[in-house]
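# Analysis of the macromolecular model
Listed here are the chains, written in short residue letters.
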Amino acid sequence: MSVSSTFSAPSAYEMLRRQYALRLPMSLEELAGPTAGTVDLPLHVVWSGRRSYGLSQPRSRMSLYRTVLAEGQRQDLIAFLNRDLLIAQWPILRTLISRPLRDAWENRFPELPADKASTAA
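The notes below deal with the structure included here.

Check the secondary structure of the protein and you find 5 helices and 2 strands. Scanning the protein from its N terminus toward the C terminus, one meets helices and strands in the order α-β-β-α-α-α-α. Within the protein, buried positions represent 41% of all 121 residues. Summarising the internal contacts of the protein: among those between residues at least 6 apart in sequence, 61% fall at separations of at least 24. Surface summary for the protein: the accessible area is close to 7,300 Å², and the carbon and sulfur share equals 55%.

And the structure:
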């Protein structure tokens, strides 16, 4: 007996997008992370490699945001990300993260520019 063709399991993309969506803050206003100084991430966010990031250095800041977006839980997003920095970096940052992660954020937060052309920066 074969499995019915009317049942389809969710794709890997859809499963990942749902997992990322569950971690999102209710609003970008909750993102009250630092805007200056150095951020040291805990082991549950980054378990190997670089853990310390300087916010004054654009590449370091972008790396921090990419790591926290991909690996952080809701409280990590709130503690380490800053609303204004996220919005300012989003046009580039969105190209450095996975599609399921990007879509989860852009679907929930329309204030995040969906492409480079939509920003004045």
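Counting 29 residues, the largest nonpolar core has L41, L64, L69, L81, L86, W90 and W105 as its most contacted members. Of all elements in the fold, only α1 (12–23), α2 (58–71), α3 (74–80), α4 (83–93) and α5 (99–108) reach the threshold of two or more residues within this core. Setting aside residues no more than four positions away along its own chain, W90 makes contact with L69, I97, R102, W105, E106, L112 and P113.

Let us look at α4. Here α4 has its buried residues at L85, L86, Q89, W90, P91 and L93. For α4, the secondary structure elements touched by its buried residues are α2 and α5. Its side-chain oxygen 3.0 Å from the backbone nitrogen of D84, N82 forms the N-cap of α4.

Attention shifts here to the packing of α2 against α4. With their axes 11 Å apart at the nearest point, α2 and α4 run at an angle of 90 degrees to one another. It follows that α2 is roughly perpendicular to α4 by the angle criterion. Contacts between α2 and α4 involve P58, R61, M62, Y65, R66 and L69 on the former and, on the latter, L85, L86, Q89, W90, I92 and L93. For the contact of α2 with α4, the class distribution of residues is 9 nonpolar, 1 polar and 2 charged.

Once that is clear, we can look at the packing of aromatic side chains. Here the distance between the centres and the angle between the planes together describe a pair of aromatic rings. A full pass over the atoms with the stated rule returns 2 aromatic pairs. Residues W90 and W105 carry aromatic rings whose centres are separated by 6.4 Å and whose planes lie at 40 degrees to one another, so their mutual orientation is tilted. Here W90, found in helix α4, pairs with W105, found in helix α5; they are 15 residues apart in sequence, far enough to count as distant. With centroids separated by 5.4 Å and ring planes inclined at 45 degrees, the aromatic side chains of W105 and F109 adopt a geometry described as tilted. In this pair, the class of W105 matches that of F109, namely buried. Joined through ring pairs, the aromatic side chains of W90, W105 and F109 make up one cluster.

The rules behind these values
- Residues numbered from 1 in each chain as written.
- Predicted model: local features only at pLDDT ≥ 70, side-chain atom pairs only at ≥ 80, totals over all residues.
- Heavy atoms only, no water.
- Helix = DSSP H or I, 4+ residues; strand = E, 2+ residues; numbered from the N terminus.
- Buried < 20%, exposed > 50% of the residue type's maximum accessible area, 1.4 Å probe, protein only.
- Contact = heavy atoms within 4.5 Å.
- Areas by Shrake-Rupley, 256 points an atom, 1.4 Å probe, with all protein chains shown as cover.
- Core = buried A, V, L, I, M, F, W, Y, C linked by side-chain atoms within 4.5 Å.
- Polar contact = N/O pair within 3.5 Å; in protein donor to acceptor, adjacent residues only side chain to side chain.
- Axes fitted to C-alpha atoms, helices over the stretch in contact; angles between N-to-C directions.
- Parallel < 35°, antiparallel > 145°, perpendicular 65-115°, else oblique.
- Nonpolar A, V, L, I, M, F, W, Y, C, P; charged D, E, K, R; others polar.
- Phe/Tyr/Trp six-rings, centres within 6.5 Å; stacked < 30°, edge-to-face > 60°.

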